[in-house]
Structure formats: C-alpha cells, structure tokens
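# Analysis of the macromolecular model
Here's the letter readout for the chains.
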Amino acid sequence: MKYFPIKGTNLNVSNIVMGNMRIPQLSKTELEKLIRTAMEEGINFFDHADIYGGGESEELFADAIEMNPSTREKMILQSKCGIVSKDNYFDFSKEHILKSVDGILKRLKTDYLDILLLHRPDPLMEPEEVAEAFDELHNSGKVHYFGVSNHNPMQIELLQKYVSQKLVVNQLQLSIAHTPIIDSGIAVNMNIDQSVNRDGSVLEYCRLNDITIQAWSPYQNGFFEGPFLGDLEKFPKLNEVIDRIAEKYGVTNTAIATAWITRHPANMQVVLGTTNAQRLKDACAGSEIPLTRDEWYQIYKAAGNMVP
Ligand SMILES: NC(=O)c1ccc[n+]([C@@H]2O[C@H](COP(=O)([O-])OP(=O)(O)OC[C@H]3O[C@@H](n4cnc5c(N)ncnc54)[C@H](OP(=O)(O)O)[C@@H]3O)[C@@H](O)[C@H]2O)c1
C-alpha cells in the first residue's frame, strides 16, 4: 500500500480509501469483516457523509467495529456535510454546518473528525458564514482539516478567500469511464467535444494549489450507471485491454482500474465503494502498480477517448 502526506496536514494517508456510501447493504458481521479487511490491507482512511444510508452509515460503521479510542487512533476519518437529502438542496449556512458536524461526531462515536468536506457547491453560500463555522469547529478541536467535494477552481478560490484554514482536499468523480477532469487537457484548442473545459481545469488547479484529489466512483460508468468492469456490451475494447494488462501484472481487472488512477502523478486517493471484501483486496493490489505510460494511454484510448 502506498502512503503519502496530504499537503498542508500532518496526515500520512493510504492512496486507497474505504468509502461508506453503500455499507447499509451489509449485516453487522459483514461490515465488521469489510472494515477489518481494509485495515489489514493497509487502508487507514475512511470516507463518510452525513447523508449516506439516509444518515445511518456512520453509526453502522462505528457500531460494527465497536469504536473506541484505540481503534479511532488507527483511523483517519473524513465526513461531508452540506446536502439536505430529504428535500434535495444544499445548505452551507453556519447553523447547518455546525449542527451536521455534531451529528457526525455522535454517530461515529468520536470527538474529532480528521477532515470535513463540503459535499456539493451551494450557490447560496455566504463564505463569511462558512469561515465562522470552520473557525468554531477548528478552535473547538472538532475538525482538524477542511476540504471540498465536486467544487471547481473559482468556487474554491471564493471560499478560500474567506476561510482561514487551507482547503486540503477536493473529492471529484473519476474513473476510466468518466474522465472529464483529464479529457479537455488532452485535447486543448481542438474543435471537438472532448476539448470543452467544463470544470475550469480543476485537475491542474488542485495540483498547483496542493489540494489532494480523491477519486469517487472509481469503477462506475456515468452517474451510478453500473461498473464498466465486465460490461462487455458497452465496454468491449476497454475490458479487453484491461484484462490483457491485468494478466501481465498477475492481478485482477479491479487492480488495473485502480492503478489507472493511482498512476497519475497528482497523487490521488481512490475512494472505493465495494461492499465485497475480496474486491476490496483486489483493488488494494492496484495501489502501487507502475503502469507504463503506454499502458495508461492504451486504457484511456480503449475507453473511447481521443488522443490527438
Ligand atoms: N463526493 C461525492 O459526491 C461522492 C459521490 C458518490 C460516492 N462518493 C464516495 O465514493 C465511494 C465510492 O463510490 P461508488 O460506490 O459509486 O464507487 P465504485 O467503487 O465505483 O462502485 C461500487 C459499486 O460497484 C460495484 N462493483 C464494483 N466493481 C464491480 C465489478 N467488477 N463487478 C460488479 N460490481 C462491481 C460494487 O459492488 P460490490 O459491493 O458487490 O463490490 C458496488 O456496488 C462512496 O462510498 C463514497 O464514499 C462520493
């Protein structure tokens, strides 16, 4: 397992993260096994959100491992707030952020979060209010570090102008079958769809500003349209190339799909959503596979992307 420091923090993190969005599908015993497997594989980073499992995932997680101070110290816990899922809108008000964090800490049975992310940009955000909330959370020790998710560069700039703590993470959707953060940079100045820069060069912005990118839904095609691995109907060429490269390295296709992200020099973290302990192990095997440049591009092209 590869580890690296998140810049601007004292956290040394695994580049593979256990995501907890889908854990309500599991029994307590299955979940306990999944978390133990993750830790045995060297994962030290766990991603949550106050809305996962309708607000239940964090509690299920803490209960499954019977959270206590000694287990807590071995984990880096991140959660997110800012989505009001029952009414489907976003809320970055001070009151909402503070209340959300109190709920997260109670459910995770801990007195601090290592990282808090704002989940999705709220157009009604008043950055001064967010700054007040972050100061209160930081000064009370409830949250050590802060970041965002699904934010573009100008949204981060706006927030960072007011917030005193450095924003250290941006969690973004990235898989081989979903690569907008990479595509436009490859096709700059061409008159094709791939050239359209929809996110304001967020990948380059994060690298320039020492913001760690966390890739969510690393095996999904589209917005939860299902995994591309093994989908021979929609992704025949991609699966053929991945399978061939997997054979060369003696690993599964899951490891290669993971390595395609970890190979990127931005030092990204891959946020897994699997509820299957074996698939989690397979993914961890991709943490350090040094895909060659040629292999990385072969996979990128097999997903239907153009390299001019
Ligand atoms: N910031 C955000 O806005 C945001 C949004 C979504 C998610 N997230 C985070 O990212 C994490 C991962 O998201 P995700 O769950 O969508 O990611 P994912 O790992 O791409 O997808 C996991 C799902 O795909 C299935 N799967 C994966 N590989 C498969 C294969 N080869 N064959 C069949 N099924 C396969 C898994 O089934 P099994 O369980 O059976 O393996 C599971 O249902 C979440 O837990 C959450 O922490 C963040």
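Only a predicted model underlies this, so the values are computations on that prediction, with no experimental measurement involved.

## Some details on a nonpolar patch on the surface
Side chains of Met-21, Phe-223 and Phe-224 sit close together on the surface and give an oily, nonpolar patch of about 290 Å² of accessible area. Mapped onto the elements of the fold, Phe-224 is located in the loop between strand 11 (212-216) and helix 9 (236-249). Relative accessible area serves as the criterion here: at 37%, Phe-224 is assigned to the partly exposed category.

## Re the side chain of Arg-107
Of note, Arg-107 is situated in helix 4 (residues 94-108). Side-chain polar atoms of Arg-107 contact the backbone oxygen of Gly-55, separated by 3.4 Å. Discounting residues that sit within four places of it in the chain, Arg-107 has contacts with Asp-50, Gly-55, Glu-58, Glu-59 and Ala-62.

## Thoughts on the pairing of strand 11
Every other side chain in a regular strand lies on the same face of the sheet, so the side chains alternate between the two faces. Counting buried positions along strand 11 gives five out of five residues, so the element sits mostly inside the fold. Here strand 11 shows a buried face lined by Thr-212, Gln-214 and Trp-216 and a second buried face lined by Ile-213 and Ala-215. Inspection of the sheet shows strand 10 (residues 167-173) paired to strand 11 by five bridges, in the parallel sense. Residue pairing across strands places Leu-172 opposite Ala-215, the latter belonging to strand 11.

## What to know about the layout of surface pockets
In this structure, the largest pocket encloses a volume near 680 Å³. What lines the largest pocket is a set of 33 residues, and nearest its centre among them are Met-21, Arg-22, Ser-217, Gln-220 and Gly-273. Residue assignment for the lining of the largest pocket shows that the elements contributing at least two residues are helix 10 (253-262) and strand 12 (269-272). Broken down by class, the residue content of the lining of the largest pocket amounts to 12 nonpolar, 16 polar and five charged.

## Comments concerning the environment of Thr-292
In this structure, Thr-292 sits in the loop between helix 11 (277-284) and helix 12 (293-302). Thr-292 sits in the partly exposed class, given a relative accessible area of 33%. Each C-alpha atom of the pair Thr-292 and Glu-126 lies 45 Å from the other, and the pair is 166 residues apart in sequence. Discounting chain neighbours no more than four positions away, the residues touching Thr-292 are Lys-248 and Tyr-249.

## Regarding helix 6 (residues 153-162)
Every buried residue of helix 6 is accounted for by Pro-153, Ile-156 and Leu-159. All buried residues of helix 6 lie within an arc of 130 degrees about the axis, which places them on one face of the element. With respect to the buried face of helix 6, the exposed residues turned more than 90 degrees away are Met-154 and Lys-161. The N-terminus of helix 6 is capped by Asn-152, whose side-chain oxygen sits 3.2 Å from the backbone nitrogen of Met-154.

## Here we look at the pattern of salt bridges
Oppositely charged side chains can form a pair if their charged atoms are brought close together. Summed over the entire model, instances satisfying the criterion amount to 11 salt bridges. The closest approach of N and O atoms between Asp-210 and Lys-7, which form a salt bridge, is 3.7 Å. With a gap of 203 residues between them, Asp-210 in the loop between helix 8 (202-208) and strand 11 and Lys-7 in the loop between strand 1 (3-5) and strand 2 (12-14) connect regions that are remote in the sequence. The partner of Glu-58 in a salt bridge is Arg-107, and the shortest N-O contact between them spans 2.8 Å. Taken together, the residues span a long stretch of sequence, with Glu-58 in helix 2 (residues 57-64) and Arg-107 in helix 4 at a distance of 49 residues. A single burial state applies to Glu-58 and to Arg-107, both of which are buried. Residues joined by salt bridges that share partners form a network here, namely Lys-94, Glu-132 and Glu-136.

## Thoughts on the site of the ligand
The ligand sits among 26 residues. The nearest are Arg-22, Ser-217, Thr-274, Thr-275 and Arg-279. Separating a nitrogen atom of the ligand from a side-chain N or O atom of Ser-149 is a distance of 2.9 Å. Measuring from an oxygen atom of the ligand, one finds a side-chain N or O atom of Thr-274 at 2.5 Å. Contact with the protein chains hides 87% of the accessible area of the ligand, taken as 910 Å² for the molecule alone. Structurally, the ligand is housed in the largest pocket. The residue inventory of the shell around the ligand, partitioned by class, reads 10 nonpolar, 12 polar and four charged.

So, how was this worked out
Residues numbered from 1 in each chain as written. Predicted model: local features only at pLDDT ≥ 70, side-chain atom pairs only at ≥ 80, totals over all residues. Heavy atoms only, no water. Patch = residues over 30% accessible without salt bridge, like charges linked within 9 Å, V, L, I, M, F, W, Y side chains within 5 Å. Areas by Shrake-Rupley, 256 points an atom, 1.4 Å probe, with all protein chains shown as cover. Salt bridge = Lys/Arg side-chain N within 4 Å of Asp/Glu carboxyl O. Helix = DSSP H or I, 4+ residues; strand = E, 2+ residues; numbered from the N terminus. Buried < 20%, exposed > 50% of the residue type's maximum accessible area, 1.4 Å probe, protein only. Polar contact = N/O pair within 3.5 Å; in protein donor to acceptor, adjacent residues only side chain to side chain. Contact = heavy atoms within 4.5 Å. Pairing = 2+ DSSP bridges. 1 Å grid on protein atoms, 1.4 Å probe; cavity = no way out; pocket = protein on both sides within 12 Å on 5 of 7 lines; lining within 4 Å. Points joined across faces, edges and corners; volume = space filled by probe spheres on them. Nonpolar A, V, L, I, M, F, W, Y, C, P; charged D, E, K, R; others polar. Arc of directions from axis to C-beta. Near = heavy atom within 4 Å. Sits in = over half its atoms within 2 Å of the grid points.

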